[in-house]
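# Understanding the architecture of this molecule
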Amino acid sequence: MAVTGDETEAGTSGDLTACQLQNTSSSLPQGGAETSTQGFMKSTDPLQKREHRLMKNREAARECRRKKKEYVKCLENRVAVLENQNKTLIEELRSLKDIYRHKVE
DNA sequence: TAACAGTGCCGTCACTCAAT
DNA sequence: ATTGAGTGACGGCACTGTTA
């Protein structure tokens, strides 16, 4: 199953904001990228335009799927962490109840 | 062992959204 | 209005496990 050894103890401090599918804007040079091919929709012949568009979309799809997989993995890790926390809290509640019962008896 | 179902990855199309 | 990036949906292909 998933949730292998890597990303160990992802929830030590409960970083629940870790799983963000979008907003990787920081590293991606949105505006200035691809200066060599900028405006390819305008100039080149239709066949080349199409080839270039397909290539870009191919790469975009790959990246999109990669991010999505990463996101899902991250969510699975969160689930595992929260399940553990839940288990611990239930156990704690049980023992506290136990202590209380013994006191009132 | 052939036939089939399930799964994962890929390429493409169609669409949306933000930037220009 | 145009352009480019991102993404959901779809179909195809390859691989794997299961069953008769």
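Because the structure is a prediction, the values reported are computed rather than measured. Going along each chain's sequence as written, the residues are numbered from 1 onward. Whichever chain is written first is A, and whichever ligand is written first is 1; the rest continue in order. Note on the predicted model: pLDDT of at least 70 is required for a residue's local features to be given, and 80 or more for side-chain atom pairs to be given and counted; whole-chain, interface and lining totals, by contrast, use all residues. With hydrogens and water stripped out, all remaining heavy atoms of the structure feed into the side-chain values.

### Topic: the UniProt feature "coiled-coil region" (unreviewed entry) in chain A
The positions UniProt marks with the feature "coiled-coil region" (unreviewed entry) are residues 65–99. Helix numbering and strand numbering both begin at the N terminus, where a helix is a DSSP run of H or I of at least 4 residues and a strand a DSSP run of E of at least 2. In this annotation, residues 65–99 is assigned 100% helix and 0% strand; the end-to-end C-alpha distance for the span is 51 Å. UniProt positions are given in the numbering used here, feature names are shortened, and annotations may be inferred rather than shown by experiment.

### A look at the pattern of salt bridges
By definition here, a salt bridge exists when the distance from a side-chain nitrogen of Lys or Arg to a carboxyl oxygen of Asp or Glu is within 4 Å. For the structure shown, the criterion picks out four salt bridges. Of the charged contacts, one joins Glu91 and Arg94 as a salt bridge, the two residues approaching to 3.5 Å between their closest N and O atoms. Of the two residues, Glu91 and Arg94 both sit in helix 1 (residues 46–104), three residues apart, roughly one turn of that helix. Think of it in three bands: with a 1.4 Å probe and only protein chains considered, a residue is buried below 20% of the maximum accessible area for its type, exposed above 50%, and partly exposed in between. Take Glu91: its relative accessible area is 43%, and that puts it in the partly exposed class. Through salt bridges with shared partners, a single ionic network connects Glu63, Arg66 and Glu70.

### Some points on the protein's contact with DNA strand B
Throughout, the term near means that a residue has one or more heavy atoms lying within 4 Å of the molecule or strand in question. The full set of residues close to DNA strand B is Arg50, Leu54, Asn57, Arg58, Ala61, Arg62, Arg65 and Lys69. Sugar plus phosphate, as a fraction of atoms of DNA strand B within 4 Å of the protein: 44%. A distance of 3.3 Å separates a phosphate oxygen of DNA strand B from a polar atom in the side chain of Arg50. By the criterion applied in these results, polar contacts are pairs of N or O atoms within 3.5 Å in which, for protein atoms, one can donate a hydrogen and the other can accept it, and in which residues neighboring in sequence qualify only through two side-chain atoms. Contacts to DNA strand B include Arg65, whose side-chain N or O atom sits 2.3 Å from a base oxygen. Per-class residue counts for the surface near DNA strand B are two nonpolar, one polar and five charged. Throughout this entry, Asp, Glu, Lys and Arg are counted as charged residues, while Ala, Val, Leu, Ile, Met, Phe, Trp, Tyr, Cys and Pro are counted as nonpolar. The remaining residues, Gly among them, count as polar.

### Side note on the confidence of the model for chain A
A residue's pLDDT is the predictor's confidence in that residue, given on a scale from 0 to 100. The predicted model of chain A has a mean per-residue pLDDT of 70, with 60% of residues at 70 or higher. Of the regions scoring below 50 in pLDDT, residues 1–16 engages in 10 contacts with residues more than four places distant in sequence or in other chains. Counting contacts from residues 23–38, a segment whose pLDDT is below 50, to residues more than four positions away or on other chains yields five contacts. Here a residue-residue contact requires only that any non-hydrogen atoms of the pair lie within 4.5 Å.

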